[in-house]
Amino acid sequence: VIQTLDAAKKLPEFREALDKVGGSVSGWARLAERLGETAGELDAVNAVNAISALGWMPFLAAEMSDEGWNTVLDRLRTHEAVLADRRLSLEAAMSHGHDVSGAAASGAAETKYAEKSVSGLHLIQSHGGYDSYGKAVREKIAECIERIEGKMDD
């Protein structure tokens, strides 16, 4: 699911194909449903990637159910310690095959996933339909931002 989200984020042709999926349920609704169903299995890097995709694709975020949102946000919260810890962030990146040889010496590597998470959450808050996401979801998004930013300041 995460690789599909990443492809949709990066490839306009793929987004167009999802727009054209017909039937009683749109391609975006199907993808949002699958994200909600599988989010409980996401590791730290992929939880961040899910938040980023939801931030960059408001049409996907609009299709998320409250249950799906809660699962994704709970998973992000589960991984907060990894996001804000330099060593754990680098280990998470390496577990996904990312080259961190230059990153280990960089201060940017320390907070890459925390910053990407917060950026994605802020993008979500800027969506035109944000008020339709439900009060509990909006509160949880704000709480995630506050908690992650707090860990980055530690």
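This text gives an overview of the structure that appears in the document. (Residues numbered from 1 in each chain as written. Predicted model: local features only at pLDDT ≥ 70, side-chain atom pairs only at ≥ 80, totals over all residues. Heavy atoms only, no water.)

Among the nonpolar cores identified, the biggest contains 40 residues, and L35, L54, W69, L121, I124 and I141 are the most heavily contacted of them. For this core, the secondary structure elements donating two or more residues are α1 (2-10), α3 (27-38), α4 (44-56), α5 (58-61), α6 (66-78), α7 (80-84), α9 (107-125) and α10 (135-153). When residues in this core are grouped by element, the largest group, eight residues, is from α4. Sequence-distant contacts of W69, that is, excluding residues within four places in its chain, are made with L54, A61, M64, I124, Y133, V137 and I141. (Core = buried A, V, L, I, M, F, W, Y, C linked by side-chain atoms within 4.5 Å. Buried < 20%, exposed > 50% of the residue type's maximum accessible area, 1.4 Å probe, protein only. Helix = DSSP H or I, 4+ residues; strand = E, 2+ residues; numbered from the N terminus. Contact = heavy atoms within 4.5 Å.)

This part covers the side chain of S52. The residue S52 is located in helix α4 in this model. Polar contacts involving the side chain of S52 include one to the side chain of K9, which spans 2.8 Å. Once residues within four sequence positions are removed from consideration, S52 is found in contact with K9, K116 and G120. (Polar contact = N/O pair within 3.5 Å; in protein donor to acceptor, adjacent residues only side chain to side chain.)

Okay, the pattern of salt bridges next. In this structure the tally under the stated criterion is six salt bridges. Between D74 and K140 there is a salt bridge whose closest N-O contact spans 2.6 Å. Of the two residues, D74 is situated in helix α6 and K140 in helix α10; the sequence distance between them amounts to 66 residues. Two residues, K135 and E139, come together in a salt bridge whose shortest N-O distance is 3.8 Å. One end of the pair, K135, and the other, E139, are both in helix α10, four residues apart, so they sit about a helical turn from each other. On the basis of relative accessibility, which here comes to 57%, the residue K135 falls in the exposed class. (Salt bridge = Lys/Arg side-chain N within 4 Å of Asp/Glu carboxyl O.)

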